[in-house]
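Secondary and tertiary structure notes
Listed below, chain by chain, are the residues.
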Amino acid sequence: MPPADRINLSEVEGAKVVRFHDRQLFDERTVREVAEQIAVFLPNDGSKIKLVLDFTDVGLISSTLLSKLILLQRRIDASHGKLRLCELSPVLQQVFRTSNLDRLFGIDRDLRTSLEMLQSV
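Residues numbered from 1 in each chain as written. Predicted model: local features only at pLDDT ≥ 70, side-chain atom pairs only at ≥ 80, totals over all residues. Heavy atoms only, no water.

**Examining the sheet that holds strand β1 (residues 7–12)**
Here is the rule we go by: We call two strands paired when DSSP finds no fewer than two bridges between them. Counting from the N terminus, the helices are DSSP H or I runs at least four residues long and the strands are E runs at least two residues long. The axes used here are C-alpha line fits, helices contributing only the stretch in contact, and every angle between their N-to-C directions lies in the interval 0 to 180 degrees.
Taken together, the 5 strands give an open sheet; going across it, the order is β1-β2-β4-β6-β7, and neighbouring strands pair in mixed fashion. Looking at which strands have only one partner, the edges of the open sheet turn out to be β1 and β7 (106–108). The average undirected angle you get between the axes of adjacent strands in this sheet is 25 degrees. Where strand β4 (residues 50–54) and strand β6 (residues 82–86) come together, 5 bridges link them in parallel fashion. By the bridge assignment, K50 is partnered in β6 with K82.

**Focus on the layout of surface pockets**
Stated precisely, the cut-off is as follows: Note on definitions: the grid is 1 Å and covers protein atoms alone; a cavity is a set of points where a 1.4 Å probe fits but cannot get out; a pocket is an open set with protein on both sides within 12 Å along at least five of seven lines; lining residues have an atom within 4 Å of a point. Grid points are joined across faces, edges and corners, and a volume is the space filled by probe spheres set on the points. Classes in brief: Ala, Val, Leu, Ile, Met, Phe, Trp, Tyr, Cys and Pro nonpolar; Asp, Glu, Lys and Arg charged; the others, Gly included, polar.
Approximately 180 Å³ is the volume found for the largest pocket. Considering the residues around the largest pocket, the lining is formed by V34, A35, I38, A39, L65, K68, L69, L71, L72 and R75. In terms of residue count, helix α2 (residues 63–78) provides more of the lining of the largest pocket than any other element does, 6 residues in total. Of the residues belonging to the lining of the largest pocket, the class tally is 8 nonpolar, no polar and 2 charged.

**Topic: the nonpolar core**
This is how the line gets drawn: Buried Ala, Val, Leu, Ile, Met, Phe, Trp, Tyr and Cys residues form a nonpolar core when they are joined through side-chain atoms within 4.5 Å. Accessibility here uses a 1.4 Å probe with only protein chains present; expressed as a share of the type maximum, an area under 20% marks a residue as buried, one over 50% as exposed, and anything in between as partly exposed. Pairs of residues are marked as contacts when any of their non-hydrogen atoms sit within 4.5 Å.
Core analysis: the biggest nonpolar cluster contains 26 residues, and F20, I38, L51, L53, F55, I61 and F96 have the highest contact counts within it. Of all the elements in the fold, those that place two or more residues in this core are β2 (15–20), α1 (28–40), β4, α2, β6 and α3 (90–98). For this core, the element with the most residues is α2, which contributes 5 residues. Not counting residues within four places of it along the chain, the set of residues in contact with F20 comprises R6, I7, L25, V34, I38, L53, D54, F55, D57 and V58. Among the nonpolar cores identified, the runner-up in size contains 6 residues, and A15, V52, C86 and L115 belong to it.

Following this line, the structure appears as structure tokens:
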């Protein structure tokens, strides 16, 4: 049986926007499937990647997901692209602050702001 669709991908103003279907990105299998499904949509030809991860419906994330996000950030940096995160709940904002990952990731209040930040790239 193929894995369930864990994300919704759309393209807005030249950027790929990922929205998560799961409220909790915590267990190993879910995190692995999310990472794999995002990777499928990213170009492998070295072209610049503009990506927004919209956490609107997400309430809980694991340290494993944070590790995957760090790897994703490195891949996007290598393409001279940009990654933005948006719509983080107060709990998720605290997770990023506590782990100092708010310094690594561009975090915006909403999708519109993230898209504006990507337009300046």
